[in-house]
Amino acid sequence: GIQVEQSPPDLILQEGANSTLRCNFSDSVNNLQWFHQNPWGQLINLFYIPSGTKQNGRLSATTVATERYSLLYISSSQTTDSGVYFCAVEGSYNTDKLIFGTGTRLQVFP
Amino acid sequence: EPEVTQTPSHQVTQMGQEVILRCVPISNHLYFYWYRQILGQKVEFLVSFYNNEISEKSEIFDDQFSVERPDGSNFTLKIRSTKLEDSAMYFCASSSDRDNEQFFGPGTRLTVL
């Protein structure tokens, strides 16, 4: 099945810093989503981005489907950005399940 | 803004007992899903449901699991005889169409003692 790898596994930042999280996937996809899992365990939808670039406030994401990767940019990080960021993909071949990566754990310190 | 809701938020049960986890998907959505996340691990797909039948299931979704849409709004996951290893966060999700964005509920934390 399709493989999803995220890097880095852990990231420690000072408030105000910028960061880039990466998601590589092994096959063509019909859906790619980025999530933030908050300290209470809730999965917050950040982006639905099977291709192209989107921006939402301090966050933006780019997916280059032909090269099978996606990037999540966090600018001017805040302590509330702390948590785990997951990339999840849905393969192109007769499937509707999301396959999640192992996540990037982000800690932002004041 | 419409959202997926789940009840209960926490459930504690004894090994061997049956549990039913409940979800109310977004009202105009047609595809429904269950995922689970064991503590400290990644989120894993369990089952997808469309047009009143299972469309896809994972190896985890064995005979101890079942899903149902008993009425026009609820979507349930039943675990017939819980095991210790069923302890996890269970997420329900829904989407308006295949390949569209999936929206997740807040999860039910299941603890099996």
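As a convention, each chain's residues are numbered from 1 in the sequence order in which they are written. Each chain is given a letter, starting from A, and each ligand a number, starting from 1, according to the order in which they appear as written. Totals for whole chains, interfaces and linings use all residues, but because this is a predicted model, local features are given only for residues with pLDDT of at least 70 and pairs of side-chain atoms are given and counted only at 80 or more. With hydrogens and water stripped out, all remaining heavy atoms of the structure feed into the side-chain values.

Student: Looking at this structure, how should I read the overall build of chain B?
Tutor: Think of it this way: any DSSP run of H or I at least four residues long counts as a helix, any run of E at least two long counts as a strand, and we number them from the N terminus. Of regular secondary structure, chain B possesses zero helices and eleven strands. When the helices and strands of chain B are read in sequence order from the N terminus, they spell out β-β-β-β-β-β-β-β-β-β-β. For a compact globule the rule gives 2.2 Å times the number of residues to the power 0.38, and the radius of gyration it is set against comes from C-alpha atoms. The C-alpha atoms of chain B give a radius of gyration of 13 Å, which matches the 13 Å a tight globule of 113 residues would have. Each of the three principal axes of chain B carries a C-alpha extent, and together these read 35 × 30 × 25 Å. The rule is simple: take the accessible area with a 1.4 Å probe, protein chains only, and divide by the maximum for that residue type; under 20% is buried, over 50% is exposed, in between is partly exposed. For chain B, the residues scored as buried account for 42% of the 113 residues in total.

Student: Could you clarify how one ought to interpret unusual backbone geometry in this entry?
Tutor: Among all residues save glycine, negative phi is the norm, and among peptide bonds the norm is trans. In the segment running from A:Ser7 into A:Pro8, the intervening peptide bond is cis, with an omega of -10°. Tracing the chain through its elements places A:Pro8 in the loop between strand E1 (4-7) and strand E2 (10-14). A cis geometry characterises the amide bond from B:Thr7 onward to B:Pro8, with omega recorded as -10°. Turning to its location among the elements, B:Pro8 is positioned in the loop between strand E1 (5-7) and strand E2 (10-13). We note that A:Asn94 has phi near 50°; this positive angle belongs to a residue other than glycine. Here A:Asn94 is to be found in the loop between strand E9 (83-91) and strand E10 (99-100).

Student: What's the story with the packing of aromatic side chains in this structure? I'm lost.
Tutor: To describe a pair of aromatic rings, one takes the distance between the centres and the angle between the planes. Residues and elements named next belong to chain B. Each Phe, Tyr or Trp ring (for Trp, its six-membered ring) is paired with any other whose centre lies within 6.5 Å, and the angle between the two planes then decides the class: stacked below 30 degrees, edge-to-face above 60, tilted in between. On inspection of all chains with the given rule, the structure shows 14 aromatic pairs over all chains. Between Tyr35 and Phe104 the ring centres are 5.1 Å apart and the planes differ by 40°, which places this aromatic pair in the tilted class. A residue pair is termed long-range when its members are at least 10 positions apart, and Tyr35 in strand E4 (residues 31-37) and Phe104 in strand E10 (residues 103-104) qualify at 69 residues. Residue class for Phe104 comes out buried when judged on its relative accessible area of 9%.

Student: Teacher, can you tell me more about the environment of A:Gly103 here?
Tutor: Residues and elements named next belong to chain A. In this fold, Gly103 is placed in the loop between E10 and strand E11 (104-109). Sequence separation between Gly103 and Thr20 is 83 residues; the distance between their C-alpha atoms is 13 Å. The residues contacting Gly103, other than those within four sequence positions of it, are Gln6, Pro8, Pro9, Val84, Tyr85 and Phe86. Whether two residues touch is decided by their heavy atoms; if any such pair falls within 4.5 Å, the residues are in contact.

Student: Would you take a moment to explain the interface of chain B and chain A for this structure?
Tutor: Facing 22 residues of chain B, the contacting portion of chain A comprises 21 residues. Here chain B packs against chain A, burying approximately 1,800 Å² in sum over the two surfaces, 47% of which is carbon and sulfur. Any Lys or Arg side-chain nitrogen found within 4 Å of a carboxyl oxygen on Asp or Glu counts as a salt bridge. Applying the counting criterion to the chain B and chain A interface returns one salt bridge. Ionic pairing is found between A:Lys97 and B:Glu56, a salt bridge with its closest N-O pair at 3.6 Å. Accessible area, probed at 1.4 Å, shrinks when two parts are joined; the buried area is that loss added up over both.

Student: Would you take a moment to explain the sheet that holds strand E3 (residues 19-24) of chain B for this structure?
Tutor: Strand pairing in a sheet relies on backbone hydrogen bonds, with the paired strands running either antiparallel or parallel. Residue and element names in this part refer to chain B. In this analysis, strands are considered paired if DSSP registers two or more bridges between them. Taken together, four strands build an open sheet; the order of strands is E1-E3-E8-E7 and the sheet is antiparallel. The strands lining the two open edges of the sheet, one partner per strand, are E1 and strand E7 (65-68). Here the average twist between neighbouring strands, direction ignored, is 20°. A fitted line through C-alpha atoms represents every axis, and for helices the fit uses only the stretch in contact; the resulting angles, taken between N-to-C directions, go from 0 to 180 degrees.

Student: Teacher, can you tell me more about the nonpolar core here?
Tutor: The nonpolar side chains of a soluble globular protein tend to be buried, and buried together. For our purposes a nonpolar core is just a set of buried Ala, Val, Leu, Ile, Met, Phe, Trp, Tyr and Cys residues, chained together by side-chain atoms within 4.5 Å. If you look at the biggest cluster of nonpolar residues, it comprises 22 residues, and the most contacted ones within it are A:Trp34, A:Leu72 and A:Val89. Contributions of two or more residues to this core are made by E2, strand E3 (19-25), strand E4 (29-37), strand E5 (43-48), strand E7 (59-64), strand E8 (69-74), E9 and E11 of chain A. Residues in contact with A:Val89, not counting those within four places in the same chain, are A:Ile2, A:Val4, A:Phe25, A:Val29, A:Asn31, A:Leu32, A:Lys97, A:Leu98 and A:Ile99. Core analysis: the next-biggest nonpolar cluster, separate from the first, contains 21 residues, B:Val19, B:Ile26, B:Phe49 and B:Phe75 among them.

Fair warning: the whole summary comes from geometry, so function is off the table for now.
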